[in-house]
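One letter stands for each residue in the lines below.
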Amino acid sequence: MKRSLALVPGLLVLALAAFGRPDAPDVPDIPYTVTRLSKRVVVLDCQDVNVTAIAAKSGLIVIDTNRSPAVMQRLRRVIEEEFGRKDFIYLVNTHGDPDHSSGNPVFPSVPLIAHRDYAAFITHGKALALRNRWSRRSRLEDAQAKLTGMNPQSPKAESLRVRIATLELMSADLHDGRSARVPTVTFKDSLHLDLGDLTLELRFCGEAHTNHDLVVYVPEEKLLLAGDLICSPWSPCFSINAMADVPRLVRELERLLQQEAGIETVVPGHGKVLTRADLSTFCRTLAERYGEVRIESSAARIVSQTIESEGMQAALQRCPWPARGGQGTLDWSVWEFGTLGVRLMRRGKVDEAIGVLQLAIRAQPQSAYLYDCLGDACLENDDRAAAAVAYERSLVLMPDGRHAEEMLKTLRGEK
Ligand SMILES: [Zn+2]
């Protein structure tokens, strides 16, 4: 299939819809699409997450592994069928969020490549693991309830049955005993992989969606895999605020755009494949929107930088502690402090995370979101009693807060 065809906007529907194939009796049908970008590159979109497989002469490389081992098991077979071979030599995770890394155990002996901060991120995610558990369960319950009131012959009921089968399959993952994988190969800023006929350039582009997102550039394919840094030409998959290193991201992407080999195709972590023009639009839009962010007045950024350079004690001593309900001249954005708290927590710096969240709560005492983050950090610290207090406070401030309610149920052993 010619690359030029696949690059014409609107013709990316070269993708063929495949509703499972009869050669996988142990796995229920799961809808997915296959987009063949070239002889060597295929993108599988399943449950709104893209998995990319690249066939180098020396072996197959898989970038991201979807939401579940059971689902990735099916996708692995599709990749093997697409290329007629099974010689997987590398896995790459663009980042450690579970929708991109949960299928890693399907490749137990294949070296996993990720950013150096990936390992800490997946190790310190107790609250997220619980959240995934209840969210998976409640999505299944919601779908089952919806199906009950439907005409069983209708197309909607049929698609709901497929969704339920997929969710049930994913629920089985929770009991299969397989756990997240620590990377075999890591890097700080960039990694060059020479695969003979293909090269992979992996680059860290600064803290944005997480603290360790990477992009993969394949010059011979004029291809960029962007993970969750790009959601669409007009929006990133993260908040544009003072906690996102937008200047570095734009700089890195523009440098790639200027590479002699060029970029023609961009595969985001979710959604349709994008073009070079889309990437240019994205860089321009991102830079414009970041121009409106008042980074110099961000309290979270000041605290973060002081922790980085002089440590937590200095940050707490130096920071102009807000009077209760008063924020001074700084912007005490709950979202920026939430991001900072989560980043510290996912680096294993749990005491610091709790410290900054308590500080932010002094400035924003009515924020249910900050109490949710504090509960998560306490949970990471194995302090279930303090976590329950934080979630209870969150529920008082926002009685319909699902996260606090479900986490409290879990802590009380109700679910
Ligand atoms: Zn994602």
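Residues numbered from 1 in each chain as written. Predicted model: local features only at pLDDT ≥ 70, side-chain atom pairs only at ≥ 80, totals over all residues. Heavy atoms only, no water.

**Points about the environment of Ser304**
Secondary-structure assignment places Ser304 in helix α9 (residues 299-310). Owing to a relative accessible area of 19%, Ser304 belongs among the buried residues under this scheme. What Ser304 contacts, discounting residues up to four positions off in sequence, is Met243 and Leu340. (Helix = DSSP H or I, 4+ residues; strand = E, 2+ residues; numbered from the N terminus. Buried < 20%, exposed > 50% of the residue type's maximum accessible area, 1.4 Å probe, protein only. Contact = heavy atoms within 4.5 Å.)

**Let's talk about helix α12 (residues 350-363)**
The first and last C-alpha atoms of α12 sit 20 Å apart over 14 residues, in line with the 20 Å expected at 1.5 Å per residue. In terms of burial, α12 is largely enclosed, as 10 of its 14 residues are buried. Looking only at α12, the buried set comprises Val350, Ala353, Ile354, Gly355, Val356, Leu357, Leu359, Ala360, Ile361 and Ala363. Of the surrounding secondary structure, the elements contacted by the buried residues of α12 are α9, α10 (312-318), α11 (334-346) and α13 (368-380). (Expected span 1.5 Å × (residues − 1).)

**Topic: the coordination of the zinc ion**
Six octahedral donors around a metal ideally sit at 90 or 180 degrees from one another, while four tetrahedral donors ideally sit at 109.5 degrees. For the zinc ion, the protein coordination sphere consists of Asp99 (OD), His100 (NE2), Asp228 (OD) and His270 (NE2), at 2.1 to 2.2 Å. Every donor counted, the 4 donor atoms about the zinc ion form angles of 92 to 159° at the centre, which fits irregular coordination. Coordination of the zinc ion draws on donor residues from a single chain, spaced D-H-x127-D-x41-H in sequence. With His100 in helix α3 (residues 98-101) and His270 in the loop between β13 (265-268) and β14 (274-275), this residue pair connects regions lying 170 residues apart in the sequence. (Donors = N, O, S within 2.8 Å, 3.2 Å for Na, K, Ca; no water. Tetrahedral: all angles 85-135°; square planar, octahedral: opposite > 155°, others 65-115°.)

**As for the pattern of salt bridges**
Under the definition given, this model contains 23 salt bridges. Across the pair Asp117 and Arg116 runs a salt bridge whose closest N-O atoms are separated by 3.7 Å. A residue is classified by how much of its surface remains accessible, and Arg116, at 45% relative accessible area, is partly exposed. (Salt bridge = Lys/Arg side-chain N within 4 Å of Asp/Glu carboxyl O.)

**Observations regarding unusual backbone geometry**
The backbone phi angle of Gln47 is positive, close to 55°, even though this residue is not glycine. At Lys222, a residue that is not glycine, the phi angle is positive and equals roughly 50°. The residue Lys222 is located in the loop between β11 (214-218) and β12 (223-227) in this model. Relative accessible area serves as the criterion here: at 27%, Lys222 is assigned to the partly exposed category.

**Observations concerning the state of the cysteines**
All told, the structure shown has 1 disulfide when counted by the stated rule. Here Cys231 pairs with Cys237 through a disulfide, and the sulfurs are 2.2 Å apart. For the disulfide bridge between Cys231 and Cys237, the dihedral angle about the S-S bond is near 115°, and by the sign convention the bridge is right-handed. Overall, Cys231 belongs to the partly exposed group, its relative accessible area being 35%. According to the relative accessible area criterion, Cys237 is buried, its value standing at 16%. (Disulfide = S-S within 2.5 Å.)

**Regarding the pairing of strand β3 (residues 41-46)**
Most of β3 sits out of view: 5 of its 6 residues are buried. Sheet analysis places strand β2 (residues 31-36) next to β3, joined by 5 bridges and oriented antiparallel. Note on β3: the bridge partner recorded for Thr35 is Val43. Turn length for the β2-β3 hairpin, with the two strands adjacent in sequence and antiparallel, is 4 residues. Pairing of β3 with strand β4 (residues 49-56), which is carried by 6 bridges, proceeds in the antiparallel orientation. Its bridge partner lying in β4, Asp45 is registered against Asn50. Hairpin connection between β3 and β4: a loop of 2 residues separates the two successive antiparallel strands, and Gln47 in this loop has a positive phi of roughly 55°. (Pairing = 2+ DSSP bridges.)

**Concerning the sheet that holds β11**
What the 6 strands build is an open sheet, ordered β9-β10-β11-β12-β13-β14; its pairing is mixed. Every interior strand has two partners, whereas the edge strands, β9 (190-194) and β14, have only one. Helix α7 (residues 246-257) contacts β10 (199-204), β11 and β12 of the sheet and is inclined by roughly 160° relative to β10. (Axes fitted to C-alpha atoms, helices over the stretch in contact; angles between N-to-C directions.)

**Focus: the packing of helix α5 (residues 126-148) against helix α6 (residues 155-173)**
Running from N to C, α5 and α6 point in directions that differ by 155°, and their axes come no closer than 9 Å. Accordingly, the angle class assigned to the pair α5 and α6 is roughly antiparallel. Here α5 and α6 pass one another in a crossing that is left-handed. Taking contact as the criterion, the partners of Arg136, Arg139, Leu140, Ala143, Gln144, Lys146 and Leu147 in α5 are, on α6, Ala157, Leu160, Arg161, Arg163, Ile164, Leu167, Glu168, Met170, Ser171 and Asp173. (Parallel < 35°, antiparallel > 145°, perpendicular 65-115°, else oblique. Left-handed = near helix turned anticlockwise from the far one by under 90°.)

**Let's talk about α7**
The terminal C-alpha atoms of α7 lie 16 Å apart, and with 12 residues this matches the ideal 16 Å at 1.5 Å per residue to within 8%. Taken residue by residue, α7 has Val246, Arg248, Leu249, Val250, Glu252, Leu253, Leu256 and Leu257 as its buried positions.

**A short note on the nonpolar core**
Val303, Trp332, Phe337, Val356, Leu374 and Tyr391 are the most contacted members of the largest nonpolar core, which totals 42 residues. When contributions to this core are tallied by element, the ones reaching two or more residues are α5, α9, α10, α11, α12, α13, α14 (384-397) and α15 (402-411). Considering each element in turn, this core owes the most residues, 9 residues, to α12. (Core = buried A, V, L, I, M, F, W, Y, C linked by side-chain atoms within 4.5 Å.)

Shape descriptors only; they carry no functional weight alone.
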